[in-house]
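Observations on chain architecture
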Amino acid sequence: MDRNAIFDKVKEYILMQLPVDDAKVVEDARMVEDLGADSANLMMLIMDLETEFNMTVEDDALGAIKTVGDIVDYIQKKG
């Protein structure tokens, strides 16, 4: 799956989880500071993405995920 397709799917899940304008969901948007995600939102998002992309996000990787682009990068590497 190419990067744009991954981004589109990640964005779709973010918009389902968070009450934000879709124009704010860009690769450099920070999940907490810019999009208002809290730890519960992030966990739900990660669980949904694990199911969608048939992968597991390791606990130590969670701390490195700060932006939408970080999520896309992680999924692309795992793919």
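Residues numbered from 1 in each chain as written. Predicted model: local features only at pLDDT ≥ 70, side-chain atom pairs only at ≥ 80, totals over all residues. Heavy atoms only, no water.

**Remarks on the confidence of the model for the protein chain**
Averaged over the protein chain, the pLDDT score is 95; the fraction of residues at 70 or greater is 100%. Looking over the protein chain, one finds the lowest element-wise mean pLDDT in helix α3 (residues 59–62), namely 86, and the highest in helix α1 (residues 3–17), namely 97. (pLDDT = per-residue confidence, 0-100. Helix = DSSP H or I, 4+ residues; strand = E, 2+ residues; numbered from the N terminus.)

**Looking at a nonpolar patch on the surface**
Where nonpolar side chains cluster on the molecular surface, the patch consists of Met 43, Met 44 and Met 47 and spans about 270 Å² of accessible area. Tracing the backbone through its elements, the reader meets Met 43 in helix α2 (residues 39–53). (Patch = residues over 30% accessible without salt bridge, like charges linked within 9 Å, V, L, I, M, F, W, Y side chains within 5 Å. Areas by Shrake-Rupley, 256 points an atom, 1.4 Å probe, with all protein chains shown as cover. Salt bridge = Lys/Arg side-chain N within 4 Å of Asp/Glu carboxyl O.)

**Description of the packing of α1 against helix α4 (residues 68–78)**
When two helices pack together, their arrangement is given by the angle between the helix axes and the distance between those axes. For the pair α1 and α4, interaxial distance at closest approach is 10 Å and the crossing angle is 125°. It follows from the interaxial angle that α1 and α4 lie oblique. Here the hand of the crossing between α1 and α4 comes out right-handed. Contact residues: Arg 3, Ile 6, Phe 7, Val 10 and Ile 14 in α1; Val 68, Gly 69, Ile 71, Val 72, Asp 73, Ile 75 and Gln 76 in α4. In the contact of α1 with α4, the residues fall into 8 nonpolar, 2 polar and 2 charged. (Axes fitted to C-alpha atoms, helices over the stretch in contact; angles between N-to-C directions. Parallel < 35°, antiparallel > 145°, perpendicular 65-115°, else oblique. Left-handed = near helix turned anticlockwise from the far one by under 90°. Contact = heavy atoms within 4.5 Å. Nonpolar A, V, L, I, M, F, W, Y, C, P; charged D, E, K, R; others polar.)

**Comments concerning the nonpolar core**
In this structure, Val 10, Ile 14, Met 31, Leu 35 and Val 68 are the most contacted members of the largest nonpolar core, which totals 25 residues. Listing elements by their share of this core, those giving two or more residues are α1, α2 and α4. (Core = buried A, V, L, I, M, F, W, Y, C linked by side-chain atoms within 4.5 Å. Buried < 20%, exposed > 50% of the residue type's maximum accessible area, 1.4 Å probe, protein only.)

**Some points on the packing of α1 against α2**
Direction vectors running N to C along α1 and α2 enclose 140°, while the axes themselves pass 10 Å from each other. When the interaxial angle is binned, α1 and α2 end up oblique. Considering the relative orientation of α1 and α2, their crossing is right-handed. Contact residues: α1 offers Ile 6, Lys 9, Val 10, Tyr 13, Ile 14 and Gln 17, while α2 offers Asn 41, Met 44, Leu 45, Asp 48, Leu 49, Glu 52 and Phe 53. In terms of residue class, the contact of α1 with α2 is made up of 8 nonpolar, 2 polar and 3 charged.

**Remarks on the pattern of salt bridges**
If the charged atoms of two oppositely charged side chains come close together, the side chains can form a pair. According to the stated counting rule, one finds 6 salt bridges in the structure shown. The shortest N-O distance in the salt bridge between Asp 73 and Arg 3 comes to 2.7 Å. Here Arg 3 lies in helix α1 and Asp 73 lies in helix α4, a separation of 70 residues in the sequence. Note on Asp 73: relative accessible area 30%, which makes it partly exposed. We classify Arg 3 as partly exposed; its relative accessible area is 24%. A salt bridge links Glu 12 to Lys 9; its shortest N-O distance comes to 3.5 Å.

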